[in-house]
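Here is what each chain is made of, one letter per residue.
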Amino acid sequence: MRMAPPTSPRSSTRSPRTAPFAAFAPVALTPRARVFVLTGAGISAESGIRTFRDANGLWEQHRFEDVASPEGWNADAALVWRFYAERRAQAVACQPNPAHRELADLERTLGARLFLCTQNVDDLHEKAGHGRVVHMHGELMKSRCESCSRAPFDDVEPYAAVPRCECGARIRPHIVWFGEEPFAMDRIQQALDACDVFVTIGSSGAVYPAAGFVRAVRARVSGDGKPATTLYVGPEEPDNAAMFDECRLGLAGDAVPGLFTT
Ligand code: APR
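Reading guide: rules and limits
Residues numbered from 1 in each chain as written. Predicted model: local features only at pLDDT ≥ 70, side-chain atom pairs only at ≥ 80, totals over all residues. Heavy atoms only, no water. Disulfide = S-S within 2.5 Å. Domains from an automatic or database assignment. Contact = heavy atoms within 4.5 Å. Polar contact = N/O pair within 3.5 Å; in protein donor to acceptor, adjacent residues only side chain to side chain. Nonpolar A, V, L, I, M, F, W, Y, C, P; charged D, E, K, R; others polar. Pairing = 2+ DSSP bridges. Helix = DSSP H or I, 4+ residues; strand = E, 2+ residues; numbered from the N terminus. Axes fitted to C-alpha atoms, helices over the stretch in contact; angles between N-to-C directions. Salt bridge = Lys/Arg side-chain N within 4 Å of Asp/Glu carboxyl O. Buried < 20%, exposed > 50% of the residue type's maximum accessible area, 1.4 Å probe, protein only. Near = heavy atom within 4 Å. Areas by Shrake-Rupley, 256 points an atom, 1.4 Å probe, with all protein chains shown as cover. Core = buried A, V, L, I, M, F, W, Y, C linked by side-chain atoms within 4.5 Å. Arc of directions from axis to C-beta. Lys, Arg positive; Asp, Glu negative; His and termini not counted. Expected span 1.5 Å × (residues − 1).

> Would you mind showing me how to read the state of the cysteines here?
A covalent bond between the sulfur atoms of two cysteines is what we call a disulfide. Summed over all chains, the structure comprises zero disulfides. Left without a disulfide partner, cysteine 195 is nearest to the cysteine sulfur of cysteine 117, which lies 11 Å away.

Structure below.
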């Protein structure tokens, strides 16, 4: 993942319709509609998990180069583990909010027609009962060996020192850092190609490739030959707002329940 867009996101822009969420009708999903939902840190904010770029966000107190990059890991792995140990300890007690629960309900209705892709490494979608979550930036409650072929494993341990694998190499958090390739990009691309409705919830639109998904959806027509609908939900317009048809302003816990009708 990276901060800079691959090309200017402002080419081929239009003005989104931006208003408080209550000014919009629910999105009426047709019986075969495919929905792609991308969630960011904002959906977990009301559950007590800090975002990155808001006031008091994680990147105000930490340099992401130090704690979320391969260079930072190689310079000071113990510092990186202290950062993720603290985040594990905080996240373990957090509970899903009405936005996570609404998406889990939607999955029960739509099944595989809902593709939920999250940039979040917390497990609040799963705690809400969501069965198929694609964690493109990894999972906080998993670790992996940085060297051998051992599969990523469940791990809630808040390590005080850098743990070692049986093979002798360091165990690292199962997190995608800046400069690394997000997970599941092939599946994500297929779902972007197939969706009729694309919704981003609670993401600043500053980190790519996720911030470019809306642009990819806009560049094609949906399965029924019509342009896909693109919506943003959050308290303020994101950096890539110009790519969306609508920005529905509000907190996720207020604006996501009732967002769809089926
Ligand atoms: N409901 C909805 N959105 C909210 C809420 C809320 N209650 N509170 C804050 N937000 C919005 C903010 O307005 C902001 O646009 O959530 C967004 C959070 O933005 P970031 O902190 O930048 O988080 P995100 O976009 O998910 O970051 C992307 O960057 O640092 C990396 O890997 C990290 O996955 C992360 C990626």
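Further notes follow.
> Where do I start with the domain arrangement of the protein chain in this structure?
How large an interface is tends to be reported as the accessible area lost when its parts come together. Its domain assignment divides the protein chain into domain 1 (1-48 + 95-137 + 182-262) and domain 2 (50-93 + 140-175). The centre of domain 1, based on its C-alpha atoms, is set 26 Å off from the matching centre of domain 2. The interface of domain 1 with domain 2 comprises 15 residues on the first partner and 15 residues on the second. Seen at the junction of domain 1 and domain 2, the total is two residue pairs in polar contact (both at pLDDT 80 or more). Residue classes in the side of domain 1 that touches domain 2 are distributed as seven nonpolar, five polar and three charged.

> Mind showing me how you'd approach the sheet that holds strand 1 (residues 17-20) here?
Hydrogen bonding along the main chain pairs the strands of a sheet, whether they run parallel or antiparallel. Reading across the sheet, the seven strands line up as 1-11-10-9-3-4-5 and stay open at both edges, with parallel pairing between neighbours. Looking along the sheet, the strands with just one partner apiece sit at the ends: strand 1 and strand 5 (133-135). Strand-to-strand twist of the sheet, defined as the mean angle between neighbouring strand axes without regard to direction, takes the value 20°. Sheet analysis places strand 10 (residues 229-234) next to strand 11 (residues 246-249), joined by four bridges and oriented parallel. What sits directly across from leucine 231, in strand 11, is glutamate 246. Relative to strand 4 (residues 114-118), helix 6 (residues 98-110) is tilted by about 150°, and along the sheet it contacts strand 3 (35-39), strand 4 and strand 9 (197-201). Contacting strand 3, strand 4, strand 5 and strand 9, helix 8 (residues 185-194) runs over the sheet at an angle of about 135° to strand 4.

> Looking at this structure, I do not really get the pattern of salt bridges. What am I missing?
As enumerated under the stated definition, the model contains nine salt bridges in all. The residue arginine 88 makes a salt bridge to aspartate 155 at a minimum N-O spacing of 3.5 Å. Of this pair, arginine 88 sits in helix 5 (residues 77-91) while aspartate 155 sits in the loop between strand 7 (153-154) and strand 8 (171-175), placing them 67 residues apart in sequence. The two residues arginine 88 and aspartate 155 agree in class, both being buried.

> Please explain the site of the ligand as it appears in this structure.
Surrounding the ligand, one finds 24 residues, the nearest of these being Ala41, Phe52, Arg53, Ser203 and Ser204. In the environment of the ligand, an oxygen atom lies 2.8 Å from a nitrogen or oxygen atom belonging to the backbone of alanine 41. Taking glycine 42, its main chain carries an N or O atom lying 3.3 Å from a nitrogen atom of the ligand. Its free accessible area being 740 Å², the ligand has 94% of it covered by the protein chains. When residues of the shell around the ligand are traced back to their parent elements, those giving at least two are helix 1 (42-45) and strand 10. Here the shell around the ligand is composed, by residue class, of 11 nonpolar, nine polar and four charged. Per-domain counts for the shell around the ligand show at least three residues from each of domain 1 (1-48 + 95-137 + 182-262) and domain 2 (50-93 + 140-175).

> So what exactly am I meant to see when it comes to the nonpolar core here?
If you look at soluble globular proteins, the nonpolar side chains tend to sit buried side by side. Among the nonpolar cores identified, the biggest contains 29 residues, and Trp59, Ala68, Tyr84, Trp177 and Phe178 are the most heavily contacted of them. Those elements that place two or more of their residues in this core are helix 2 (58-61), helix 3 (64-67), helix 5, strand 6 (138-145) and strand 8. The dominant element in this core, judged by the number of residues it contributes, is helix 5, at six residues. The two domains that each donate at least three residues to this core are domain 1 (1-48 + 95-137 + 182-262) and domain 2 (50-93 + 140-175). By size, the runner-up hydrophobic cluster in this structure holds 23 residues, among which are Val27, Ala33, Ala252 and Phe260.

> Which parts of the structure should I look at to understand helix 8?
An α-helical turn contains 3.6 residues, so any two residues separated by three or four positions project in the same direction. For helix 8, the set of buried residues is Met185, Ile188, Ala191 and Leu192. Along the axis of helix 8, the buried residues cluster in a sector spanning 125°; they form a single face. Pointing more than 90 degrees away from the buried face of helix 8 are the exposed residues Asp186 and Gln190. In this fold, the buried residues of helix 8 make contact with strand 3, strand 4, strand 5, strand 9 and helix 9 (213-218).

> It is not clear to me how the side chain of arginine 87 should be interpreted in this structure. Could you clarify?
Relative to the helices and strands, arginine 87 resides in helix 5. In this structure, arginine 87 is buried with no salt-bridge partner, the nearest side chain bearing the opposite charge being aspartate 122 at 6.9 Å. Among residues more than four places away in sequence, those in contact with arginine 87 are Phe52, Leu58, Val121 and Leu140.

> Honestly, helix 6 in this entry has me stumped. Any pointers?
Here helix 6 contains 13 residues, and its C-alpha end-to-end distance of 18 Å stays within 8% of the 18 Å for a straight helix at 1.5 Å per residue. Among the residues of helix 6, those classed as buried are Ala99, His100, Leu103, Ala104, Leu106, Glu107 and Leu110. Looking straight down helix 6, one finds that the buried residues subtend no more than 155° of arc, so they occupy a single side. A positive backbone phi angle near 60° is found at glycine 111, which sits one or two residues after helix 6.

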